[in-house]
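# Per-entry structural report
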Amino acid sequence: MTYTISSLSSTDLSTSDNAIAILNLNHYYGHGSLRKQVLTDINLQIQRGEIVLLTGPSGSGKTTLLTLIGGLRSVQSGSLKILGDELLNANREQLTLTRRRIGYIFQAHNLLNFLTVYQNVEMALEIQHVSALEANTRITDILTAVGLAERLHYYPEALSGGQKQRVAIARALVSQPQIILADEPTAALDKKSGRDVVEILEKLAKEQGCTILIVTHDNRILDLADRIITMEDGHLVDS
Ligand code: ADP
Ligand code: MG
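In this report, the structure presented in the accompanying data block is examined. (Residues numbered from 1 in each chain as written. Chains lettered and ligands numbered in written order. Predicted model: local features only at pLDDT ≥ 70, side-chain atom pairs only at ≥ 80, totals over all residues. Heavy atoms only, no water.)

## Notes on the overall build of the protein
Spelled out, the test is: The numbering of helices and of strands both runs from the N terminus, where a helix is a DSSP run of H or I of at least 4 residues and a strand a run of E of at least 2. When we talk radius of gyration, it's over C-alpha atoms, and the globule rule is simply 2.2 Å times the number of residues to the 0.38. Throughout this description, buried means an accessible area under 20% of the type-specific maximum (1.4 Å probe, protein chains only), exposed means over 50%, and partly exposed covers the range between. Residues count as neighbours in contact if any of their non-hydrogen atoms are within 4.5 Å of one another. Each accessible area is a Shrake-Rupley result for a 1.4 Å probe, and residues are judged covered by the shown protein chains and nothing else. Under the counting rule used here, the positive set is Lys and Arg, the negative set is Asp and Glu, and His together with the chain ends is not counted. For the purpose of locating charges, the reference atoms are NZ of Lys, CZ of Arg, CG of Asp and CD of Glu.
Check the secondary structure of the protein and you find 7 helices and 10 strands. Against the globule reference of 18 Å for 239 residues, the protein gives a C-alpha radius of gyration of 18 Å, in line with a compact fold. Counting only C-alpha atoms, the protein reaches 50 × 45 × 35 Å along its principal axes. Of all 239 residues assigned to the protein, the portion counted as buried reaches 46%. The long-range fraction of contacts in the protein, counting pairs at least 24 apart against all pairs at least 6 apart in sequence, stands at 72%. If you sum the accessible surface of the protein, you get close to 12500 Å²; carbon and sulfur atoms cover 50% of it. Between the mean site of the 22 positive side-chain charges and the mean site of the 26 negative ones, the protein shows a separation of 3 Å.

## Observations concerning the site of ligand 1
Note the following rule: Distances are taken per atom, and a residue is near a molecule or strand as soon as one of its heavy atoms is within 4 Å of it. Here a polar contact means two N or O atoms within 3.5 Å. Within protein one must be a hydrogen donor candidate and the other an acceptor candidate, and residues neighboring in sequence count only if both atoms are side-chain atoms.
If you check the shell around ligand 1, you find Tyr29, Lys36, Val38, Pro57, Ser58, Gly59, Ser60, Gly61, Lys62, Thr63 and Thr64 and nothing else. A distance of 2.7 Å is found between an oxygen atom of ligand 1 and a side-chain nitrogen or oxygen belonging to Lys36. Contact with the protein chains covers 60% of the free accessible surface of ligand 1, which is 560 Å². Ranked by residues supplied to the shell around ligand 1, first place goes to helix α2 (residues 62–69) with 3 residues.

## Some words on the sheet that holds strand β2 (residues 36–47)
The strands making up a sheet are joined through hydrogen bonds of the backbone, oriented either antiparallel or parallel. Short version of the rule: What makes two strands pair is DSSP finding at least two bridges between them. All axes are obtained by fitting lines to C-alpha atoms, using only the stretch in contact for helices, and the reported angles, taken between N-to-C directions, cover 0 to 180 degrees.
Across the sheet, 4 strands lie side by side as β2-β1-β4-β5; this open sheet has antiparallel pairing. At either margin of the open sheet sits one strand with a lone partner, and together these are β2 and β5 (85–86). In this sheet, β5 lies alongside strand β4 (residues 77–82) in antiparallel orientation, the contact comprising 2 bridges. Following the sheet pairing, Ile82 is matched in β5 by Asp85. Contacts between α2 and the sheet are confined to β1 (18–29), β2 and β4, with β1 contributing the most and set at about 125° to the helix.

## Re the pattern of salt bridges
Rules: We define a salt bridge as a side-chain nitrogen of Lys or Arg found within 4 Å of a carboxyl oxygen belonging to Asp or Glu.
One pass over the structure, following the stated rule, counts 8 salt bridges. With its nearest N and O atoms 3.3 Å apart, the salt bridge here joins Asp85 to Arg101. Remark: Arg101 occurs in the loop between α3 (92–100) and β6 (102–105) and Asp85 occurs in strand β5; sequence separation between them is 16 residues. According to the relative accessible area criterion, Arg101 is partly exposed, its value standing at 27%. Among the ionic pairs, Lys203 bridges to Glu207, the shortest N-O distance being 3.2 Å. One end of the pair, Lys203, and the other, Glu207, are both in helix α7 (residues 191–208), 4 residues apart, so they sit about a helical turn from each other. Taken as a pair, Lys203 and Glu207 share a single burial class, namely exposed. Ionic contacts of the salt-bridge type, sharing partners, join the residues Arg195, Glu199 and Asp223 into one network.

## Some remarks on the environment of Ile169
With respect to the helices, strands and loops of the structure, Ile169 is situated in helix α6 (residues 161–173). For Ile169, a relative accessible area of 1% gives the class buried. Each C-alpha atom, one on Ile169 and one on Arg220, is 19 Å from the other, the two residues being 51 residues apart in sequence.

Okay, structure coming up:
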């Protein structure tokens, strides 16, 4: 479907500019006397196509926020809109639909060791309605783009850390998600491969018009962001 600008009201336009819109979000772990607040009054808007880095000390709530945004954890209070859809009180089907529009990259690349590079990426396409021919083209293209054209049929154990993380990037991008969420994607990598991995991720995501949110401690990649936000003790602080 194609829209013309005139078919959208101004309010539609302003809301559709945000890939992620968070209002007064709070989150707690535990119950009763063990209940502990880990996110306090989070307000955050991330525009479509924006590349944002989220930093802050260990235990400050970054991963919790990322998993909430990713629909991997239920929103308890406040509003969290992903690509215009509210996740507060969303049912399972709605969450599943949202998750399909997101690509995830974690610190431990989570590749399956009994599958080849090609098959690991193929898995991410299996739930999408893509023909076998189209799937083959997309998988080969994305693995070529991350520099692994020569490694399609290798098993993960034969790859370096940086190569494995590049497979993880290919796997996250192959379904052409509108948002990429990455949790410390360079943590296990040396300086050079860490930067390479994020540069590749950015270049490809820009080509797809993708929004990226990366949690990182890695000050070697801070210059790659459009915006840097910082979390301390469950609060977003002005940086
Ligand atoms: P970060 O990613 O910034 O290190 P987390 O979001 O992982 O922070 O954790 C924030 C706080 O919540 C920490 O105090 C952590 O111990 C606690 N926490 C994280 N996950 C859970 C959980 N599943 N159950 C209980 N407490 C948790
Ligand atoms: Mg974390």
